[in-house]
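Coordinate analysis (summary)
Residues per chain, in single letters:
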Amino acid sequence: MKPDIRVALVGNPNTGKSTLFNALTGLNQKVGNFPGVTVDKKTGIAQLPDGRRAEIIDLPGTYSLYPKSKDESIVFSVLAEKGSALTPDLIVIIIDATNLKRNLLLYTQVADLKIPVVIALNMMDMAAKANISIDIDLLSRRLGVPVVPVSARKVEGIDDLKKVISFANKHAMQVDSIDVHAIAPALIADISNEVEVESPYYALQLAHQHEYLNFLTPAQSDKIEELEKKHSFHSQKAQAAETIARYNYINDVLYDTVQTPETAHEESVSNKIDHILTHRVFGFVIFMAVLLFMFQSIFAWSEYPMSLIEDGFVWAEGLLRGVLPAGPLADLLIDGVVAGLSGVLVFIPQIAILFAFISILEDTGYMSRVTFMMDKIMRKVGLNGKSVVPLIGGFACAVPSIMSTRTIENWKDRMITIMVTPLVACSARLPVYTLLIALVVPNKNVWWIFNLQGLALTGMYVLSLVSAVIVAFVMKFILKARERGYFIMELPVYRMPRWNNVLFSMYERSKAFVVQAGKVIIAVSIILWVLSSYGPGNRFENIKKKYSQPQYTQKLPQADLDRLISSEKLENSYAGVLGHSIEPVIKPLGYDWKIGIALITSFAAREVFVGTMATIYSVEGDADNITSVQDKMRSAKTPEGKPVFTLAVAFSLMMFYAFAMQCASTVAVVYRETKNWRWPAAQLVYMTLLAYGAALLTYNLLK
Amino acid sequence: MTLSQLEVGETGIVKEFTDLEMSVKLMEMGCLPGEQVRVCRIAPLGDPIAIQVSGYQLSLRKFEASTIILQ
């Protein structure tokens, strides 16, 4: 159903824009991409009081219409493009009442585009607490637009805002802020003659941004360029003049409408917290403690739900076994699909907990303090304080984190961040690590509070960060800088996390993981089952013949015989042949051909390793004895009768997964972000070499 | 005197900038000529710094602060 009105939501970062978006649209939203670029586009439907439906588009947060990063460049192009599927009828600009001055800069720019605007004045309760009194009616009259006080957090004023949206004018009523003509009178006049513009400010913006706007024809863009030369237009000088004029106007408006207490120097709560959290000693100690707590919790809190899921699958396998007639179809469903799925779904609790932590750290404002503390170190190794967020996000998944590097303005810093982010231990490695650690590391405490398994996992995570830093340091000398970088960043005040947003992010990320990884895993599981259940030529028949001879049938009990047959069948299947063919390469790392199969299949996605292990050992094991993957692997024996998964093999595997790229989605996203195959190719090569070397070293040290 | 020379707790008034490119970004963030700035904190490793300006806290590197000339 087509929406009746399209509303663009714009605002500064940290103003509660996404909270307002969630409050307006509820769960009725979807995430996509803006056409042509890989910036996340969130749209949702809000039901208006008059029965109409409004489509709300959440635009990236920005301080001004002049973009400083790729994300921000979307804002002007969506607002400016006429007649597209996204062209808004109305703009809702969210403004932080505690920080009116800086927030109004973006408002005056947007208003001057002469698209109808409504102001949602957020955080009125915080402003009241800080004794800031705002004459809302006067502010609304001065600006000529509706001003609706809301509290996005407490879901207050949302109905009023919806009412105002439904009453909104088709025509822009806002009062002119500054004399835009005065900035470049002749140029604005000339551009208005060339291109259809709705306001002088629109023409001026075209002069600044025409190179990046896809909706202009090359001829139009060239013409604007020519006009700029003719009038010797200097973009930065014009921006500086405009910004000063706008702040003069804003100071004027605020002088009449807002009373701020003089004694604002009293130390705020936020500052007191900062004294501790960014303290030169405690700051880093607390940061390390937060990370350690996070990873210990991921283990501890997920234990119970994980065992529930595991038991559920064991129960389902048994049920299916009983219901389905025995045969290839039952085997495919149970040993292939269900076994593969269970290996993956079991990690939902861990992923949800990880994302809960990340969203809490971002929501509270702690993440920007980490950026602030780490900038100097990060710069030494060729990164940027802002690289901390993608790197920490990399603990969850490299794909969104690589996309989030778009907030890094500097090209070189951004490239290095992209190159090292996949080294950070992502959630897809978590299943591999937890499985292998549970297999070889005893579950007991040392020094009362440190759990050995938790320590091993923390170690893997710390190693991933250290390796990312070292690689970044090397790349600092390889890459050449294109422009200078800067680090001008808002430190938002500390806030309580919004639990709704936390829950929402847990749900959204887990769902994305299940849907995206699930598809790959089901496909891989089916292919793998086929490959491991059938063999080339008449090898399978020969095995059957061999074991039906009396020297076997008479001497061995039926159960042992079945196990011998199935393991010899696996070895002679297509998968076994494939595994055997790479065995010479992986033998030095301590792996057998079965692990070789898992290495090949998990090339698409690391977590497939677990599903593959489950499938391989299900195919091999006898069907009546259903146990979890972990038990199957623990009882796995080499032909000589020794356990396959020794400490050396398990850690060698963990090292391999720590460094190897093993993720098709990351390769794809790096290509999308860099627009050049050389970047993902270089990344794949260096990571695979590193993985092989580290695994080789580990195996030989622990053997 | 530049912003980077202020100690923690000291205030100053912005006079002008030595770097046009940086000044555009700084002014957008509310750091304008005539505006009062106060150094709130210095990061544990000595850089960047956090300043109070236009009613909120902004962090910037020492080098960037050195392009801001105070009255």
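Model, not experiment: these values are computed from the prediction.

1. Notes on the overall build of chain A
What chain A contains, in helices and strands, is 31 helices and 12 strands. The principal-axis extent of the C-alpha atoms belonging to chain A is close to 100 × 55 × 55 Å. A total of 703 residues make up chain A; the buried ones form 55% of that total. In chain A, of all internal contacts separated by at least 6 residues, the share reaching a separation of at least 24 is 73%. Summed over its atoms, the accessible surface of chain A is roughly 31,200 Å², and 61% of this surface lies on carbon and sulfur atoms. Taking the 67 positively charged and 63 negatively charged side chains of chain A as two groups, their mean positions are separated by 5 Å.

2. Points about the sheet that holds strand β3 (residues 49-53) of chain B
Strand order in the open sheet formed by 6 strands is β12(A)-β4(B)-β3(B)-β2(B)-β1(B)-β5(B), and the pairing between neighbours is antiparallel. Either end of the sheet is taken by a strand with one partner, and the two such strands are β12 (489-490) of chain A together with β5 (68-70) of chain B.

3. Examining the environment of Val 629 of chain A
Residues and elements named next belong to chain A. Looking at the element boundaries, Val 629 is found in helix α28 (residues 629-634). Taking relative accessible area as the criterion, Val 629 reaches 13% and is therefore assigned buried. In sequence terms Val 629 and Met 613 are 16 residues apart; their C-alpha atoms lie 7.1 Å from each other. Each residue touching Val 629, except ones within four places of it in the same chain, is listed here: Val 610, Met 613 and Ala 614.

4. A word on the UniProt feature "domain: Ferrous iron transporter FeoA-like" (unreviewed entry) in chain B
Here the UniProt-annotated "domain: Ferrous iron transporter FeoA-like" (unreviewed entry) positions come out as residues 1-71 of chain B. The span residues 1-71 of chain B is 18% helical and 38% strand by assignment, and the distance between its end C-alpha atoms comes to 7 Å.

5. Examining the interface of chain A and chain B
On the chain B side, the residues contacting the 42 residues of chain A number 34 residues. Of the roughly 3,600 Å² buried where chain A meets chain B, counting both sides, 59% is carbon and sulfur surface. Of all residues in chain A, Phe 372, Arg 484 and Ile 488 of chain A give up the largest surface area on contact with chain B, accounting jointly for 21% of the area buried on that side. Where chain A meets chain B, there are 5 salt bridges. Two residues, Lys 101 of chain A and Glu 35 of chain B, come together in a salt bridge whose shortest N-O distance is 2.7 Å. Linking chain A with chain B are 14 residue pairs in polar contact (both at pLDDT 80 or more), by the criterion used here. At the level of elements, α3 (100-111), α10 (235-257), α11 (269-277), α15 (366-380) and β12 of chain A are the ones that each hand at least two residues to the side of chain A that touches chain B. The residue makeup of the side of chain A that touches chain B, split by class, is 15 nonpolar, 14 polar and 13 charged.

6. Examining the packing of α3 of chain A against α10 of chain A
All names here are of chain A. Close contact between α3 and α10 brings their axes to 9 Å; oriented N to C, the two are set at 120°. In terms of axis orientation, α3 runs oblique to α10. As α3 runs across α10, the sense of the crossing is right-handed. Two secondary-structure elements touch here, α3 through Leu 100, Lys 101, Arg 102, Leu 104, Leu 105, Thr 108 and Gln 109 and α10 through Glu 242, Thr 243, Arg 246, Tyr 247, Tyr 249, Ile 250, Asn 251 and Leu 254. In the contact of α3 with α10, the residues fall into 7 nonpolar, 4 polar and 4 charged.

7. A look at the domain arrangement of chain A
Along its sequence, chain A is organised into domain 1 (5-167), domain 2 (180-259), domain 3 (283-478) and domain 4 (518-702). Using C-alpha coordinates to define each centre, domain 1 of chain A is positioned 52 Å away from domain 4 of chain A.

8. Here's the deal with helix α22 (residues 539-547) of chain A
Think of an α-helix as 3.6 residues a turn; residues three or four steps apart then line up on the same face. Residues and elements named next belong to chain A. Phe 540, Ile 543 and Tyr 547 are the residues of α22 that are buried. One side of α22 carries all its buried residues, which in axial view fall inside an arc of 60°. Away from its buried face by more than 90 degrees, α22 exposes Glu 541 and Lys 545.

9. Focus: the UniProt feature "binding site: Mg(2+) 2" (unreviewed entry) in chain A
All names here are of chain A. With numbering matched to this structure, UniProt assigns "binding site: Mg(2+) 2" (unreviewed entry) to Ala 23, Thr 25 and Gly 26. The topology assignment puts Ala 23 in helix α1 (residues 17-25). Beyond its immediate stretch of four places on either side in the chain, Ala 23 contacts Ala 152, Val 155 and Ile 158. Mapped onto the fold, Gly 26 is located in the loop between α1 and β2 (29-33).

10. A closer look at the packing of aromatic side chains
The final tally for this structure, using the stated rule, is 12 aromatic pairs over all chains. Ring geometry for Phe 293 of chain A against Phe 357 of chain A: centres 5.9 Å apart, planes inclined by 90°, an arrangement best described as edge-to-face. With Phe 293 of chain A in helix α12 (residues 282-323) and Phe 357 of chain A in helix α14 (residues 348-364), the pair connects residues that are 64 residues apart, well separated along the chain. Phe 357 of chain A sits in the buried class, given a relative accessible area of 13%. Aromatic pair Phe 395 of chain A and Tyr 461 of chain A: ring centres 5.4 Å apart, planes at 50°, arrangement tilted. With Phe 395 of chain A in the loop between α16 (388-393) and α17 (398-404) and Tyr 461 of chain A in helix α20 (residues 452-478), the pair connects residues that are 66 residues apart, well separated along the chain. Across from the ring centre of Tyr 56 of chain B, 4.1 Å away, lies the NZ or CZ of Arg 102 of chain A, which sits over that ring. In this structure, Arg 369 of chain A packs its charged tip against the face of Tyr 494 of chain A, placed 4.1 Å from the ring centre.

11. Focus on the packing of α12 of chain A against α15 of chain A
All names here are of chain A. Remark: α12 packs on α15, axes separated minimally by 11 Å, with the N-to-C direction vectors making an angle of 120°. Relative to α15, α12 is oriented oblique. Seen along the crossing, α12 lies across α15 with a hand that is left-handed. Contacts from Gly 283, Phe 284, Ile 286, Phe 287 and Val 290 in α12 reach Tyr 366, Val 370, Met 373, Met 374 and Ile 377 in α15. Residues of the contact of α12 with α15, tallied by class, amount to 9 nonpolar, 1 polar and no charged.

12. Observations regarding the pattern of salt bridges
The tally for this structure, following the rule as stated, stands at 23 salt bridges over all chains. Put simply, Glu 198 of chain A and Lys 82 of chain A hold a salt bridge, and the shortest N to O gap is 3.5 Å. With Glu 198 of chain A in the loop between α7 (185-194) and α8 (200-209) and Lys 82 of chain A in the loop between α2 (70-80) and β5 (90-96), this pair connects stretches of sequence that are 116 residues apart. Taking relative accessible area as the criterion, Glu 198 of chain A reaches 44% and is therefore assigned partly exposed. Residue Arg 142 of chain A is joined to Asp 256 of chain A by a salt bridge in which the shortest nitrogen-to-oxygen separation is 2.3 Å. Of this pair, Arg 142 of chain A sits in helix α5 (residues 136-143) while Asp 256 of chain A sits in helix α10, and the two are 114 residues apart along the sequence. On the accessibility criterion, Arg 142 of chain A (28% relative accessible area) is partly exposed. Residue classification places Asp 256 of chain A among the partly exposed residues on the basis of a relative accessible area of 40%. Several salt bridges converge on common partners, so that one network encompasses Asp 375 and Arg 379 of chain A together with Asp 47 and Arg 61 of chain B.

13. Brief notes about unusual backbone geometry
A cis amide bond links Asp 47 of chain B to the next residue, Pro 48 of chain B, at an omega of -5°. Checked against the element boundaries, Pro 48 of chain B lands in the loop between β2 (36-42) and β3. With a phi close to 35°, Ser 232 of chain A is a non-glycine residue in the positive phi region. Within the secondary structure, Ser 232 of chain A sits in the loop between α9 (218-230) and α10. In the Ramachandran plot, Gln 662 of chain A falls in the positive-phi region, its phi being about 35° despite a non-glycine side chain. Following the sequence through the fold, Gln 662 of chain A ends up in the loop between α29 (647-659) and α30 (664-674).

Reading the values: the criteria
- Residues numbered from 1 in each chain as written.
- Chains lettered and ligands numbered in written order.
- Predicted model: local features only at pLDDT ≥ 70, side-chain atom pairs only at ≥ 80, totals over all residues.
- Heavy atoms only, no water.
- Helix = DSSP H or I, 4+ residues; strand = E, 2+ residues; numbered from the N terminus.
- Buried < 20%, exposed > 50% of the residue type's maximum accessible area, 1.4 Å probe, protein only.
- Contact = heavy atoms within 4.5 Å.
- Areas by Shrake-Rupley, 256 points an atom, 1.4 Å probe, with all protein chains shown as cover.
- Lys, Arg positive; Asp, Glu negative; His and termini not counted.
- Charge placed at Lys NZ, Arg CZ, Asp CG, Glu CD.
- Pairing = 2+ DSSP bridges.
- UniProt positions renumbered as here; feature names shortened; annotations may be inferred.
- Buried area = accessible area lost by both parts, 1.4 Å probe.
- Salt bridge = Lys/Arg side-chain N within 4 Å of Asp/Glu carboxyl O.
- Polar contact = N/O pair within 3.5 Å; in protein donor to acceptor, adjacent residues only side chain to side chain.
- Nonpolar A, V, L, I, M, F, W, Y, C, P; charged D, E, K, R; others polar.
- Axes fitted to C-alpha atoms, helices over the stretch in contact; angles between N-to-C directions.
- Parallel < 35°, antiparallel > 145°, perpendicular 65-115°, else oblique.
- Left-handed = near helix turned anticlockwise from the far one by under 90°.
- Domains from an automatic or database assignment.
- Arc of directions from axis to C-beta.
- Phe/Tyr/Trp six-rings, centres within 6.5 Å; stacked < 30°, edge-to-face > 60°.
- Lys NZ or Arg CZ within 6 Å of the ring centre and 35° of its normal.

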